[in-house]
Amino acid sequence: QVAVDWHKGNGESALKRSKQLLDRAVKMQVVDYSIYIGFFHFMDVIFLGLEQAFEQNRSQTEKDKLMKYANLALKIMKIFARVFTTGRPVIYRYKGWIEWYSGKKEKGYQFWRTACEKAHSLPMNYEEGMAYLALANHLPVENPERAASFEKAKAAFVRGGFDNWV
């Protein structure tokens, strides 16, 4: 529901609910596969909110708070990935955003590329597509890797049956 709210334009309420869920999730002691299925949508909302905060030049306080939650999401996924390899591509995708918005663009690109490779090798078509989208959306327009990444994202989504995403 949180991701749906975000994409319907209810970003403020989606972020608020995502933060609440993340605060609860970090206290969990059990590592369960449902963490990926149930949690990554609201974790992604945190990263979309972080991106929006930078694009809209919001206050440093708001950016710092969102970065705190982004690091919390990363922490949860690292715990998950110790048990389930399917968490590894997500870790690299999240690290890409954290590095990018920490001013380390090249590191961000590298983490997104690694996320693409890890997702492809499992295979996790949705994650691969999302990682290629993150990379493509942040590369400079004149970079030929940008167009290629958009095409690879499209191909990954089609392979996974996510035709509505292309």
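The model shown is predicted, which means the values in this text are computed figures rather than measured ones. All chains use their own residue numbering, which begins from 1 and follows the written sequence. Thresholds applied to this predicted model are a pLDDT of at least 70 for local features of residues and 80 or more for the giving and counting of side-chain atom pairs; totals over whole chains, interfaces and linings are not thresholded and use all residues. Excluded from the side-chain calculation are hydrogens and water; included are all heavy atoms of the structure.

Engineer: Can you walk me through the environment of Ile-46 in this structure?
Structural biologist: Strands are runs of DSSP state E lasting at least 2 residues, helices are runs of H or I lasting at least 4, and numbering of each runs from the N terminus. In this fold, Ile-46 is placed in helix 3 (residues 34-55). Along the chain, Ile-46 and Ala-73 lie 27 residues apart, while their C-alpha atoms are 8.2 Å from each other. With near-sequence residues (within four places) excluded, Ile-46 lies in contact with Leu-15, Ser-18, Lys-19, Leu-22, Leu-66, Tyr-69 and Ala-70. The contact rule is simple, with two residues in contact once any of their heavy atoms fall within 4.5 Å.

Engineer: How do you make sense of helix 7 (residues 125-138) when you look at a structure like this?
Structural biologist: The α-helix winds at 3.6 residues per turn, so residues separated by three or four positions along the chain end up facing the same way. In a regular helix each residue adds 1.5 Å, so 14 residues correspond to 20 Å; helix 7 covers 20 Å between its end C-alpha atoms and thus fits that length. In terms of burial, helix 7 is largely enclosed, as 12 of its 14 residues are buried. When we look at burial in helix 7, the residues that qualify are Asn-125, Tyr-126, Glu-127, Glu-128, Gly-129, Met-130, Ala-131, Tyr-132, Ala-134, Leu-135, Ala-136 and His-138. One less than the residue count of a helix, multiplied by 1.5 Å, gives the span that helix is expected to have. To sort residues, take the accessible area from a 1.4 Å probe on protein chains only and compare it with the maximum for the residue type: under 20% means buried, over 50% means exposed, and anything in between is partly exposed.

Engineer: What should I look at first to understand the packing of aromatic side chains in this one?
Structural biologist: When we look at a pair of aromatic rings, we describe it by the centre distance and by the angle of the planes. Any pair of Phe, Tyr and Trp rings, taking the six-membered ring for Trp, is counted once the centres come within 6.5 Å. Such a pair is stacked with planes under 30 degrees apart, edge-to-face with planes over 60 apart, and tilted for the rest. Using the criterion set out here, one finds 14 aromatic pairs in the structure. Both rings, one in Tyr-126 and one in Phe-162, keep their centres 5.5 Å apart while their planes meet at 65 degrees; by these two values the pair is edge-to-face. Of this pair, Tyr-126 sits in helix 7 while Phe-162 sits in the segment after helix 8 (144-159), and the two are 36 residues apart along the sequence. When its relative accessible area of 14% is taken as the criterion, Tyr-126 is described as buried. Judged by its relative accessible area of 28%, Phe-162 falls in the partly exposed class. Clustering of aromatic rings is evident, with ring pairs tying together Phe-54, Trp-100, Tyr-101, Tyr-109 and Trp-112. Stacked on the ring of Phe-54, the Lys or Arg Lys-63 has its end atom at 4.7 Å from the ring centre. When the NZ atom of lysine or the CZ atom of arginine is within 6 Å of a ring's centre and also within 35 degrees of its normal, the charge is said to sit over that ring. One cation-aromatic arrangement involves Lys-68 over Tyr-69; the distance from NZ or CZ to the ring centre is 4.6 Å.

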